[in-house]
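Here is how the chains run, residue by residue.
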Amino acid sequence: MNGNPLWSSSPPHSEANRDPLEQTRMAYSSLEHLPFKDQELPAQMLCQLNCLRHEQIFTDMLLCTEDLEIPCHRNILVSSSPYFHAMFCSNFRESSQTRVDLKGISSEILSGIVDYIYTGTITISMEIVLPLMQAASMLQYTRLFEACSAFLQKQLNPDNCLSMIRLSEILHCESLRERAKEMAVRCFSDVAASEDFCELTLPELMCYLEDDRLCAEEEQVFETLLAWIHHDPFSRRGAIHDLFKKVRLRYIHPTYLFQFIANDPLVQSSTLCTEIIESVRRLMFSVSAKCTRELKPLWTTPRRYTCRETLVVVGGRKNNEQTSREALLYDERTQRWQWLAKLPLRLYKAAYVCIHSILYVVGGLSLSMASGDSTVSATVYTLSLKTNQWRTAEPMLEPRYAHQSVSYLHFIFVLGGIGADKQISNTVERYNSMFNQWEPMAPMPIAVLHPAVAANDQRIYVFGGEDSMQNPVRLIQVYHISRNQWLRMETRTVKNVCAPAAVIEDKIYIIGGYTRRMIAYDTKANKFVKCENMRERRMHHSATVINNKLYVTGGRFLNSHDIIEDSDCFECYDPKTDVWTSKGSLPYKLFDHGSLALVCVSNRPNPP
């Protein structure tokens, strides 16, 4: 029985004895299909066809230009281009000819294109790129045409981008035109200084000045259109009005607008320009004036995309050690902090405000490190992101610290605080940026420290705060700017101390103040709306609005054991979703500081 092969442990057809090909066949026997693609075949076939072309085997036609004849395969040309497909597969005369003359294409370019057809490769250089691009367009080799465009795009710079735009229009190359136009608006300062700029036509210049992507301050936009007109004043001076309407006057500093622009001879020569200037003057001089129907389209035009709001944090008490001279800028794209120029001196409880894209540090208590003496200051320091340098401005009428400051139109208002006599003050003064002067205004009805202050719709709202006995004040004091009058509104809802306020649309948000609570005061409906609470009870923090979101920085908070700690917290509140999100942290713990949104011009525009 053991000798019977039917009972053998290794039958003739076992896996060990099966043929390898049979094993492979059996392994794939369960598959219905076996996809296979030979990656090398197309390249090998092209290579072989090119060899046949050079040996003139099966070639059935000649491509000719100048004194050059190139043997080719008709079916290869037909397969490679819609141009040759139409030529040889339709009723054109060339369909029956064995010789085709291609006029307007040099022998060097045609030879290179035929090599490209058979090999898929070609070397593009500045010497041949333009005729090669024209030939590729004529013969409908789209990928070769775009390769030439990509090559030219790498050569773009501010000096040649305008000529590249003209070239792209001649060649009907949209990709090159878009990239060249993008460079022109991104590097507008350099482009405006190029020789080609003054040769722009009026419609072309208008197109640039209308572009929201233009990377330039409005003062520069005005100076650029002047330079363009002065290049050919006889034929161009009549365009001043049409060009002037493209300048976004709302974002120009009033001093520049009324002293430089308004007095420019070209502007004065145009009745329509002077009427626009006067309308703006009336609107800014009278706070209650309404924008005229003619001025409204010009006045309400939004900022260009390249003008982006940037968060700046300045001053305050750093790491609970001493008053800080630091100024920091937060880059939203990289989510990193950058150090700006330091304040000229340490100022305790100064006020911080922004107007015309300039940061103002107003007053404060100046501390002498050597003697330990302190001086209440009336000094005003300014910082522009453009220069990153601190300068002194016109000082206040009264020295003060622990005061509040708010901007509205071209005014800065300073309210209350502690004066040189170390008493709580109810005085108010206003800085007029058009005349560079301070003037006293009607005093607050009740002197308070550390209120929440915001301006909206011709009014300044002063919420809560504390009196001289450090008792919370349940009161809203409202100042009507154009009337220079105050009124008081008693309310049990307000009980905030050391809380900032910020405006988004017609709501004033009061953030914390020894509490986690945030409420929004609807100025139109005259009522309070409850918002999502903060994570901690916070005070002495700062808040500002960027792109309709609330950014809150630093401060002090009460921990679970009711012990006060300093904070490096950095949070963002979205009123649309009523949600708080963390933005990371400040570089150090900070309180009693300023937090502001400054506009800067960036050559990396935000999307619309």
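Residues numbered from 1 in each chain as written. Predicted model: local features only at pLDDT ≥ 70, side-chain atom pairs only at ≥ 80, totals over all residues. Heavy atoms only, no water.

A.B. asks: I'd like a rundown of the sheet that holds strand E15 (residues 411–415), residues and numbers included.
C.D. replies: On the basis of which strands lie adjacent, the open sheet formed by four strands has the order E14-E15-E16-E17 and antiparallel pairing. Looking at strand neighbours, the two that pair on one side only are strand E14 (404–408) and strand E17 (437–441), the edges of this open sheet. Ignoring strand direction, the axes of neighbouring strands in this sheet form an average angle of 25°. (Pairing = 2+ DSSP bridges. Helix = DSSP H or I, 4+ residues; strand = E, 2+ residues; numbered from the N terminus. Axes fitted to C-alpha atoms, helices over the stretch in contact; angles between N-to-C directions.)

A.B. asks: Outline the packing of helix H2 (residues 41–54) against helix H5 (residues 107–119), supporting the account with residue identities and numerical values.
C.D. replies: Their axes nearest at 8 Å, the elements H2 and H5 cross at an angle of 140°. Considering the angle they form, H2 stands oblique to H5. Where H2 abuts H5, its residues Leu 46, Leu 49, Asn 50 and Arg 53 lie against Val 114, Asp 115, Ile 117, Tyr 118 and Thr 119. Taken together, the residues of the contact of H2 with H5 sort by class into five nonpolar, two polar and two charged. (Parallel < 35°, antiparallel > 145°, perpendicular 65-115°, else oblique. Contact = heavy atoms within 4.5 Å. Nonpolar A, V, L, I, M, F, W, Y, C, P; charged D, E, K, R; others polar.)

A.B. asks: Can you explain the environment of Arg 53? Please cite residues and give values.
C.D. replies: With respect to the helices and strands, Arg 53 occurs in helix H2. Looking at Arg 53, the relative accessible area reads 7%, which means it is buried. In sequence terms Arg 53 and Ser 288 are 235 residues apart; their C-alpha atoms lie 83 Å from each other. Among all residues touching Arg 53, those that are not within four sequence positions of it are Thr 59, Ile 70, Pro 71, His 73, Val 114, Asp 115 and Tyr 118. At 2.9 Å, the side chain of Arg 53 and the side chain of Asn 50 are in polar contact. (Buried < 20%, exposed > 50% of the residue type's maximum accessible area, 1.4 Å probe, protein only. Polar contact = N/O pair within 3.5 Å; in protein donor to acceptor, adjacent residues only side chain to side chain.)

A.B. asks: For the packing of aromatic side chains, give the residues involved together with the corresponding values.
C.D. replies: Describing an aromatic ring pair means giving the distance of the ring centres and the angle of the ring planes. All told, the structure shown has 24 aromatic pairs when counted by the stated rule. Taking 5.7 Å as the distance between ring centres and 70° as the angle between the ring planes, the aromatic pair formed by Phe 463 and Tyr 521 counts as edge-to-face. Of this pair, Phe 463 sits in strand E19 (residues 459–463) while Tyr 521 sits in strand E24 (residues 518–522); the two residues are 58 residues apart in sequence, bridging distant segments of the chain. Under the relative-accessibility criterion, Phe 463 is labelled buried at 0%. Following the ring pairs from residue to residue traces out a cluster consisting of Phe 222, Phe 244, Tyr 256 and Phe 260. A cation sits over an aromatic face here: Arg 74 above Phe 88, 4.8 Å from the ring centre. (Phe/Tyr/Trp six-rings, centres within 6.5 Å; stacked < 30°, edge-to-face > 60°. Lys NZ or Arg CZ within 6 Å of the ring centre and 35° of its normal.)

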